[in-house]
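# Residue-level structure breakdown
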Amino acid sequence: MRDLKIPEQRHPEKARKPDNAQPKKPAWIRVKAPGGKGYADTAKIMRDNKLVTVCEEAGCPNVGECWSQGHATMMIMGEVCTRACTFCNIATGKPPEALDSFEPGRVADAVAKLGLNHVVITSVDRDDIEDGGAEHFAQTIRAVRHRSPDTTIEILTPDFIRCDPKVLEQVVEARPDVFNHNLETVPGLYPEVRPGARYFHSLRLLQRVKEMDPSMFTKSGIMVGLGEDRQSVIQVMEDMRAADIDFLTIGQYLQPTPKHHRVDRFVHPNEFAAYEKAAYGKGFLMVSATPLTRSSYHAGDDFAKLRDARNAKLAKA
């Protein structure tokens, strides 16, 4: 039986890899250790509902801030991912269990207990399932809608690369408010950073969502500090806008363990500000670009800004 708390057992495919040095984080990256009543209350609701969160599994630096406010990103379909991306701390391998048909209801229950105005639901990759978990996503969206009709729903999905293209329709037809799928990095780094994925497939996935439902907000994000250069980041912005993506996030890559992809550099906040300015200039409705930006960080507040930005754009048309 694997113990997923042990790094060597979380990532067996990385165990024999040489260690990469983990450079000291600059002052602008450091965050407070999690704690406090709000954090404890959120943790209890997650445990009581037997839910997994990407906040914990991926080692998000913002977990203390978000959980203290009752915001947690639910991770459905188990805690073992069938991919082995070199940047990610989620456990990898063959998932030991089938999908839990009761999980959508437990997610909906937790959303209601937390009183969330906006929820982010993500998942591991499940290449072992014929539809990649598309119907499970749809069931979870419907369960949350039924239990908390006023809660806006943001999903962060896998790429469904090994599935029939039609499975995407199941997710879109469930009508999430925001459809997010992260490109993660620039195309030139895919072979070493995201070897199980394909850049243009992910880009096309988001474009197809917009074609199926032009009113649905689409969102994607990348990390910097993996070895990319500025021009390649600008090109990703261009590609995203060509796919009509509304919302871009850019954050600093942080190396989870010595076995993971090395940090090439810590990008200064001024460079993030320049990326934000460039992205708005290319027509994104919403941009979040800071060292600590993550897909679901301040997602509720950002969704309100995203909706306002669209309304303002439509008013000018």
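Note that the structure is a prediction, hence the values are computed from the model and not measured.

What follows concerns the side chain of serine 148. Its place among the elements puts serine 148 in the loop between α6 (134-147) and β6 (152-156). Of the residues examined, serine 148 reaches a relative accessible area of 9% and is grouped as buried. What serine 148 contacts, discounting residues up to four positions off in sequence, is Val111 and Ala112.

Moving on, we get to the packing of helix α5 (residues 103-114) against α6. Closest axis-to-axis distance for the α5/α6 pair is 8 Å, and the angle between their directions is 35°. Relative to α6, the crossing made by α5 is right-handed. Residue-level inspection shows Glu103, Pro104, Gly105, Val107, Ala108, Asp109, Val111 and Ala112 of α5 in contact with α6, the latter providing His136, Gln139, Thr140, Ala143, Val144 and Arg147. A class-by-class count of the residues in the contact of α5 with α6 yields seven nonpolar, four polar and three charged.

Secondary-structure assignment places leucine 254 in the loop between β9 (247-252) and α11 (269-281). Remark: the alpha-carbon pair of leucine 254 and isoleucine 29, spanning 225 residues in sequence, is separated by 9.3 Å.

If you trace the backbone, arginine 142 turns up in helix α6. Once the C-alpha coordinates of arginine 142 and alanine 108 are considered, the two residues, 34 residues apart in sequence, prove to be 8.9 Å apart.

This next bit is on the packing of aromatic side chains. Evaluated as defined, the whole model comprises three aromatic pairs. Taking 5.7 Å as the distance between ring centres and 90° as the angle between the ring planes, the aromatic pair formed by tyrosine 190 and tyrosine 199 counts as edge-to-face. Each of the two residues, tyrosine 190 as well as tyrosine 199, counts as buried. Between tyrosine 199 and phenylalanine 200, the ring centres sit 4.9 Å apart and the planes meet at 85°, which makes this aromatic pair edge-to-face. Taking relative accessible area as the criterion, phenylalanine 200 reaches 58% and is therefore assigned exposed. Every member of this aromatic cluster is reached through a ring pair, and the members are Tyr190, Tyr199 and Phe200. Lying over the aromatic face of phenylalanine 284, arginine 241 brings its terminal NZ or CZ to 5.5 Å of the ring centre.

Thresholds, definitions, all that
- For every chain, the first residue of the written sequence is number 1, and numbering continues from 1 onward in sequence order.
- For this predicted model, a pLDDT threshold of at least 70 governs which residues receive local features, and a threshold of 80 or more governs which side-chain atom pairs are given and counted, while totals over whole chains, interfaces and linings are taken from all residues.
- Only heavy atoms go into the side-chain values, all of them from the structure, while hydrogens and water stay out.
- Numbered from the N terminus, helices here are DSSP runs of H or I no shorter than four residues, and strands are runs of E no shorter than two.
- Think of it in three bands: residues with accessible area under 20% of the maximum for their type are buried, residues over 50% are exposed, and the middle band is partly exposed, with areas taken using a 1.4 Å probe on protein chains only.
- The criterion used for residue contact is that any of the two residues' heavy atoms lie within 4.5 Å.
- Lines fitted to C-alpha atoms define the axes here, with helix axes fitted over just the stretch in contact, and angles between the N-to-C directions of these axes take values from 0 to 180 degrees.
- Should the near helix be turned anticlockwise from the far one by less than a right angle, the crossing is termed left-handed; should it be turned clockwise, right-handed.
- For this scheme, ten residues count as nonpolar: Ala, Val, Leu, Ile, Met, Phe, Trp, Tyr, Cys and Pro. Four count as charged, namely Asp, Glu, Lys and Arg, and the remainder, Gly too, count as polar.
- Any two rings among Phe, Tyr and Trp, with Trp reduced to its six-membered ring, count as a pair given centres within 6.5 Å; such a pair is stacked if its planes are under 30 degrees apart, edge-to-face if over 60, and tilted if neither.
- Any Lys NZ or Arg CZ that is within 6 Å of a ring centre and within 35 degrees of that ring's normal is treated as a charge sitting over the ring.

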